[in-house]
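Working through the structure, step by step
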Amino acid sequence: MACRIDRLVAETVASLEADRDVQSAAAYMAENDLGSLVVTETGQVVGLFTERDLLTRVVGAGKDATALKLGEVCTRNLISVSHDSSCAYAMKLMRTNRCRRLLVYRNDSFQGLVNLQDLAHAMTDHGAGKNLLVNLVGGITLAVVLAVIGMLISHIPDMMQLAERTLN
């Protein structure tokens, strides 16, 4: 069965409103061991706040995290994918857009996120299943070939006697 995005989407995604200050968002991420948060306004996804956003747009820029709102520093130009997309398509989309996370939608309804690491693991696991089948078929074929060769070798004395009688 093909690797599909809907099987990788986490059921719950951490989100905070865009008007929350960056300091409290960073504390929330640290407490919950999160690398990203979905940023919302009135329940609609408007951005994604990641560890990279924190480093580049807040800490690296020397800004005060208590004075900034998530909506000011989150990534807004987000790339999304349909829930029924293949993993290969999602990987191509990530590579083309140089991103590590995709928002997953079913029609207009936000379903969750899929990240590069989970996608890579899923594609590796999916490929491993194919390799197992190829190895199994190859092993059976090799066993049959060796059995036929063994049978032919066991009949060499009989073939030699037949050849002798034919030549005499």
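Above: the structure in question.
What you see is a predicted model, and the numbers here were worked out from it, not measured in a lab. (Residues numbered from 1 in each chain as written. Predicted model: local features only at pLDDT ≥ 70, side-chain atom pairs only at ≥ 80, totals over all residues. Heavy atoms only, no water.)

**Here's the deal with a nonpolar patch on the surface**
- A cluster of nonpolar side chains, contributed by L142, V145, L146, I149, I153, I156, M159 and M160, occupies part of the molecular surface with about 750 Å² of accessible area.
- Of all the elements in the fold, those that place two or more residues in the nonpolar patch are α5 (116-154) and α6 (156-167).
- The leading source of residues in the nonpolar patch is α5, at five residues.
- Structurally, L142 can be placed in helix α5. (Patch = residues over 30% accessible without salt bridge, like charges linked within 9 Å, V, L, I, M, F, W, Y side chains within 5 Å. Areas by Shrake-Rupley, 256 points an atom, 1.4 Å probe, with all protein chains shown as cover. Salt bridge = Lys/Arg side-chain N within 4 Å of Asp/Glu carboxyl O. Helix = DSSP H or I, 4+ residues; strand = E, 2+ residues; numbered from the N terminus.)

**Thoughts on unusual backbone geometry**
- Phi at D33 is positive, roughly 50°, even though this residue is not glycine.
- Tracing the backbone shows D33 in the loop between α1 (22-31) and β2 (36-41).
- For D33, a relative accessible area of 72% corresponds to the exposed category.
- The backbone of T42 shows a phi angle near 50°, a positive value even though the residue is not glycine.
- Structurally, T42 can be placed in the loop between β2 and β3 (44-50). (Buried < 20%, exposed > 50% of the residue type's maximum accessible area, 1.4 Å probe, protein only.)

**Examining the packing of aromatic side chains**
- Considering all chains together, one arrives at one aromatic pair under this definition.
- On the basis of an interplanar angle of 65° and a centroid distance of 5.6 Å, the ring pair of Y105 and F110 is categorised as edge-to-face. (Phe/Tyr/Trp six-rings, centres within 6.5 Å; stacked < 30°, edge-to-face > 60°.)

**A look at the state of the cysteines**
- Enumeration according to the criterion identifies one disulfide in this entry.
- One disulfide in the model links C3 with C87; its S-S distance is 1.9 Å. The S-S bond linking C3 to C87 shows a torsion near -65°; that makes this disulfide left-handed. Of this pair, C3 sits in the segment before β1 (15-17) while C87 is found in helix α4 (residues 87-97), placing the two residues 84 residues apart along the sequence.
- Distance from the sulfur of C74, which forms no disulfide, to the nearest cysteine sulfur (C99) is 15 Å. (Disulfide = S-S within 2.5 Å.)

**Comments concerning the layout of surface pockets**
- A volume near 800 Å³ is recorded for the largest pocket.
- Elements supplying a minimum of two residues to the lining of the largest pocket: β2, β3, α2 (51-59), β5 (101-106), β6 (109-115) and α5.
- Here the lining of the largest pocket is composed, by residue class, of 14 nonpolar, 10 polar and eight charged. (1 Å grid on protein atoms, 1.4 Å probe; cavity = no way out; pocket = protein on both sides within 12 Å on 5 of 7 lines; lining within 4 Å. Points joined across faces, edges and corners; volume = space filled by probe spheres on them. Nonpolar A, V, L, I, M, F, W, Y, C, P; charged D, E, K, R; others polar.)

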